[in-house]
Each structure stands twice: as C-alpha cells, then as structure tokens.
Amino acid sequence: MALHDRQDLLKDATAARLELGGMLCAEGLIDAETLARLRRDAGRDDACLFDHLTKSLGLPPEMVMQAQARLFGTSLVDPSQTPPEERLLRGFEPDWLLRTGLLPWRSAGSTTVVLTDRPEGFEEHRPALEARLGPVSMALCTDAALRAATQAAIGPALAQAAERRVPPSASARGLESHRYLTAAMVTVTAIVVLTMALPPLALRLGLWLALAVIAATATLRVAALIASLTAPRQSTAPMAEPLRLPVVSLLVPLYRERHIAARLVTRLAALDYPRHLLDICLILEDDDHITRLTLEAAGLPPWMRQIEVPCGSIRTKPRALNHALNCASGSIIGVYDAEDAPAPDQIRKVVSTFAALPRQVACLQGRLDYYNSRSNWLTRAFTLDYAAWFRVILPGLERLGLVIPLGGTTLFLRREAIEALAGWDAHNVTEDADLGLRIARRGYRTVLIDSVTEEEAVSRLWPWIRQRSRWTKGFAQTWAVHSRHPTRLWRRLGTRRALAVQVMFLGTILQPLLAPMIWVMPFSA
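I will try to describe carefully the structure that is included in this document. (Residues numbered from 1 in each chain as written. Predicted model: local features only at pLDDT ≥ 70, side-chain atom pairs only at ≥ 80, totals over all residues. Heavy atoms only, no water.)

Let's shift gears to the pairing of strand β7 (residues 332-335). Moving residue by residue along a regular strand, the side chains alternate between the two faces of the sheet. Side chains Ile332 and Gly334 of β7 all project onto a buried face; the interleaved residues Ile333 and Val335 project onto the opposite face, where all are buried too. Two strands pair when backbone bridges link them, and strand β4 (residues 248-253) and β7 are joined in this way by 4 bridges, in the parallel orientation. Paired with Ser249 across the two strands is Ile333, which belongs to β7. (Buried < 20%, exposed > 50% of the residue type's maximum accessible area, 1.4 Å probe, protein only. Helix = DSSP H or I, 4+ residues; strand = E, 2+ residues; numbered from the N terminus. Pairing = 2+ DSSP bridges.)

See below:
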C-alpha cells in the first residue's frame, strides 16, 4: 500500500476498519459473511474493528494487532522486552497518556517512536505529541501491554493523579481536620460543662434538638412520599434505541475476592447488549494477588479485561474508579459492585434513556434490591429499607427537583459529565453521595430508571455496624466539604434544595448521636 494511502487510513477510521476487514478475509482469518456483517455494521455503532474481532469473534488480540501493523506499515512492539525511555514521558500528564492510549517509547534519530493500541486515533494526537517530542512515528502495541508498560514507567504519578483528581476545594482531603477536631472538642466540652452545671436545661435542649432533627427528617420523607404517590405513572412501553449504539464501559472494583469471579462473569454475561460494545473493566489493586489468581482460575472471556491500580498513599474504591476511568473506552460509564446481578436489559434501557434525554441529564440511577432477602431478620429489614429508599424516597426527591444522593452501584454517567466533574473524590468513603451533590451543584440532573440490580445484603450484625458507620462517616465528610462555604451552596442550589441537603446529610449524622436523648425521654418526664 502506498504511503499516502496509509496516511489517509490513519485519518479515516471507517475506511481503515473496512480495509482491515478485507485484508483479514483475504488471508482467510475471517469469512466473507463475517466481512459483509462488519461492513454493514461499520456506521451503526461506535466500536472499533479491533473490538469486533476480539470480543465478538474471539480472535487473539496479538493476531489482530499484527494485521493492523501490516495495514499501516509499522511494527508490533512488546514494551515489556524493551521498556520506554522515561525521559520521553516528562512533560505529559500521566492520566492523559492512559486516556489516549499513547506511550512515547524510543528515539530513532530525530524521530520519536510512539506506541499506541488505537492506530485510527493517532493522527488526532499527532500535534500534541510533536509539540513536545518533535517528529513522531507510530508503532503498535496491545492494550494490556501498553497499560502495563505505562504503569511500570510512571506508576507513582498515576497513583497520585487518581488520588488528587478532584481539586482540594471540592474534596474531603481539603478539609482542615485540626479545625474540625478543635470545633468538635469545644462543642463536647461546652455540652459537658452545661450538663454538669445545669442538668435540666441541658436535657431540655438535647430533647428539643433531637425532636427538631426527627421532625425535619420526617417532613422531608413525607413530602417525598406524597410526591412519589402523586407522580404520573410512567409509560411501560420500551424506548427506541438510538440509530448508532455507543460503547458502554462498566467499571467493577474488586478487592480480595476469592469466590465471586465465576458468578460475576455469569451475571454480566446475561446482559443483553452487543459484546463488542461492552467494555467491562474488572478493577483490582496491583498487590491483590488473591483476586488476580481467582480471575485467572475463572478464565475471563475476551470481552472482559483487568485494570490494575498502582499502589498509592490510600486504597479506596473512588481512587480505583478514577484510575480505571482513564482506561475506559466508552462514552457511557457504569459502576457495578462485585456481587451485583443486573437485569439483562439494563444496558439497553440506559442507552435508550440517555439518547432520549437532554445532555443536562448526566447520571442515571437504577434501583437496588437484595437476592438474599429471606436469609434472616436482618436481611429482611434491609430489603424493606431499600424498597422504601429506591421505590419511594428517591422518586419523590426526583419529582420535587431535590438533590439525589447516589447509590454506589448501578449508576451510569455520560463520560463528558464525569470528566467535567473531575471524577470521584478518592478521599470520601461515600463518594457516591458526594458525586450526586456535585452533579446538582454543577447544574446537571440525575434521573432514576426503572431497572433493578440485585445484590447481597449484609446478614451479620458486626459487618452491618461497620457498613453503617462508614456511611455515617462519609455523610459527615460530604456535609463538611459542601458546607465549608454555605453561601456558595445556597447560590448554586437555591434555598429549597440547599435546606433539603442540610436535612438529608446533617440529619443522617445527628440522628444516631441524638438517639439517646429520645431513649431517656420517658424517664425525664
């Protein structure tokens, strides 16, 4: 193929896709019927041909990359054998390299060889590369090898980027902990002094505060209940799918999972969405050998891949999500937990709903339920709690136009929105509730969808106490972050929504602290 023809293919992804399909058919790697289907689907979805061939047809990634190297007149490189020159990486944002799938590799005279796993997008980034490196040329590399080489070269920088993606002004890491500790100590001291000096007055004030918190929380929930019950019934007719289907990335954080892998693969395999349009990223810490061995034993299908998160100063779920976001290829980003069992048609509903709604809708939240609801009394109580929250309270909050605190799973985001929000706060233990509030403050909307994901309820008391303690801590972090400048919060949300945020978050924090005041009420009469 002539040089100018290769340059044209680099600029025209669809033409490159069809040319590669013809080459593979001529070499006997795919048949004519498959080639016809690939050509027919070329303009119907956002997937690249590589994903078609590896995920739908199961062709080995190395073989497909070799074919692309022949098509573009370049070579296939294994950077594990010849690592990149680290000096070439200076000046590049570490997360930009992951997001673009580019890795400056070696100098060849006056030209710098840049590795990529996405040759069809190389020309788009050539100006940015040449501004720092001078003349560049392209060589190919598989996705897994590229990420491993990048992480080996700049792992600490990638870890720091994932931890500090959200700016300090919007992150729990920006809290002045000594300031809040001092305020807490002063408050506790004042309460102790007041209680010792004037016990009846202290008791009355505590009771009135407890009753006020309960009354405010109950008022908000009753308003949500009324709004939910009076909402017009939603149409049950299926929504039309867009003419061009998008790639959907599903991020699934895992940690020390011994037995979940086989069930997880089975549950995600039940999703009724084209395999080549699913980018399923199983996220694990790079020192989590237990999960790695479990996944190796399970034998992952070609439409799933592992994303390893480099070690950093903290280890949290939102930090893992931030790192994986740079590796994801979809225009829609979904989040699941390891034990989730989503409804088979869930992704199609998400795609259709996003296509029908304005770009202002940044997030879709699905319903959560439990598949072990009959295990014991604790799981039965959780099932009732989830049913009230996801079927009554959240729909009521949505209808009232209030802020929706997101759940940690079965939420789906437009990629441009989550990137505009700088991802998740890696230092907040309830990053989901915080994200829901940041979505509202940015002027975006969250919409609930009628699709259920089942998960496993905690069935023992001590794990339940730890879970609820973590949630309360996270709500306290979120409240503190967003209440540092209450005037800004009020201006962004308006009076009604700002007051509802205080009731939701501050009320959740104060209720367990003030509960003893209600318990002693009968004895204080």
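What follows continues from the structure just given.
This brings us to the sheet that holds strand β2 (residues 111-116). An order of β1-β2-β3 is seen for the 3 strands of this open sheet, with the pairing classed as mixed. With one partner strand each, in any of the chains shown, β1 (102-108) and β3 (136-140) form the two edges of the open sheet. Put simply, the sheet's adjacent strands are angled 30 degrees from each other on average, direction ignored. Here 6 bridges tie β1 to β2, and the two strands are oriented antiparallel to one another. Across the sheet, Leu103 pairs through a bridge with Leu115, a residue of β2. The strands touched by helix α8 (residues 143-163) within the sheet are β1 and β2, with β1 carrying the most contacts at an inclination of about 75 degrees. (Axes fitted to C-alpha atoms, helices over the stretch in contact; angles between N-to-C directions. Contact = heavy atoms within 4.5 Å.)

Further remarks concern the side chain of Asp279. Here Asp279 lies in strand β5 (residues 278-285). A distance of 2.8 Å separates the side chain of Asp279 from the side chain of Arg305, its partner in a polar contact. A polar atom in the side chain of Asp279 sits 3.0 Å from the backbone nitrogen of Ser329. (Polar contact = N/O pair within 3.5 Å; in protein donor to acceptor, adjacent residues only side chain to side chain.)

This paragraph deals with empty space enclosed by the protein. Across all of its chains, the model carries 1 cavity of 30 Å³ or more by this definition. Roughly 60 Å³ of internal volume is contained in the largest cavity. Every residue along the wall of the largest cavity is listed here: Leu97, Leu98, Gly101, Leu102, Asp117, Arg118, Asp143, Leu146, Arg147, Thr150 and Cys327. Of all the secondary-structure elements, those providing two or more residues to the lining of the largest cavity are α6 (94-100) and α8. No other element matches the 4 residues that α8 contributes to the lining of the largest cavity. When its residues are assigned to classes, the lining of the largest cavity shows 5 nonpolar, 2 polar and 4 charged. (1 Å grid on protein atoms, 1.4 Å probe; cavity = no way out; pocket = protein on both sides within 12 Å on 5 of 7 lines; lining within 4 Å. Points joined across faces, edges and corners; volume = space filled by probe spheres on them. Nonpolar A, V, L, I, M, F, W, Y, C, P; charged D, E, K, R; others polar.)

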